[in-house]
Amino acid sequence: MDKCYSCGGSVRVIKDQPYEYKECGLPIVLRGILQYTCEDCGETYASIPAMEKLHRVIGEIICRERKALLQPDEIKFLRKNMQLKSKELAQWLGVTPSTVSRWENGKKDIGESQDRLLRSIYLLSVSEKDHKAISDGTTNIFKELPQKRKKIKSPREISFNPQEWLLPDRDCCLT
Ligand SMILES: [Zn+2]
């Protein structure tokens, strides 16, 4: 990128700066990407490669590592990432569309079973998209989830290693 999208001014590359990826609706900080700042108007841009893979990885991390009940913005992120309408997710989870909306706007906590079901469905959908078997240890997620989680909140930032999404997938071979 050599010209500013807003004013056409010249841009400067910034390396090794964490980038708050607010556009995805979650408290994600990305590392290892290039950013650009306009010398004229001060606008800053990030260059995010492999966006689809990034979103898949974020979703997987939410499903695998967030111990608290899924939060409203996390539920929305998982649903959108599976390209489902509220109505469709509701159908999959056996609840009404208005229940899904209430989870997503924070008026109601997701239930324990639906939390686990949504995580399972998400991981299944990722494996379908990638045409890969789900990796070993996936069911351990459920072993480690607390049983009653009404009051537990997740720490805000979701962090992960850039290598998880910036490197191409290793070829998997069966021996
Ligand atoms: Zn500019």
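Please refer to the structure higher up on the page.
Residues numbered from 1 in each chain as written. Predicted model: local features only at pLDDT ≥ 70, side-chain atom pairs only at ≥ 80, totals over all residues. Heavy atoms only, no water.

**Describing the packing of aromatic side chains**
At step 1: Under the counting rule described, the total for this entry stands at one aromatic pair.
At step 2: Between Y5 and Y45 the ring centres are 5.0 Å apart and the planes differ by 90°, which places this aromatic pair in the edge-to-face class. Of this pair, Y5 sits in the segment before β1 (11-14) while Y45 sits in strand β5 (residues 44-47), placing them 40 residues apart in sequence.
At step 3: Of the residues examined, Y5 reaches a relative accessible area of 65% and is grouped as exposed.
At step 4: The class of Y45 is buried, set by a relative accessible area of 13%. (Phe/Tyr/Trp six-rings, centres within 6.5 Å; stacked < 30°, edge-to-face > 60°. Helix = DSSP H or I, 4+ residues; strand = E, 2+ residues; numbered from the N terminus. Buried < 20%, exposed > 50% of the residue type's maximum accessible area, 1.4 Å probe, protein only.)

**Topic: the environment of T139**
At step 1: Following the sequence through the fold, T139 ends up in the loop between α5 (112-130) and α6 (140-144).
At step 2: Judged by its relative accessible area of 61%, T139 falls in the exposed class.
At step 3: Each C-alpha atom of the pair T139 and S120 lies 8.8 Å from the other, and the pair is 19 residues apart in sequence.

**Focus on the coordination of the zinc ion**
At step 1: Within the protein, C4 (SG), C7 (SG), C38 (SG) and C41 (SG) serve as the donor atoms for the zinc ion, at 2.2 to 2.3 Å.
At step 2: Taken together, the four donor atoms coordinating the zinc ion span angles of 103 to 118° at the metal, a pattern that classifies the geometry as tetrahedral.
At step 3: Taking the relative accessible area as the measure of exposure, C41 reaches 40% and is therefore partly exposed. (Donors = N, O, S within 2.8 Å, 3.2 Å for Na, K, Ca; no water. Tetrahedral: all angles 85-135°; square planar, octahedral: opposite > 155°, others 65-115°.)

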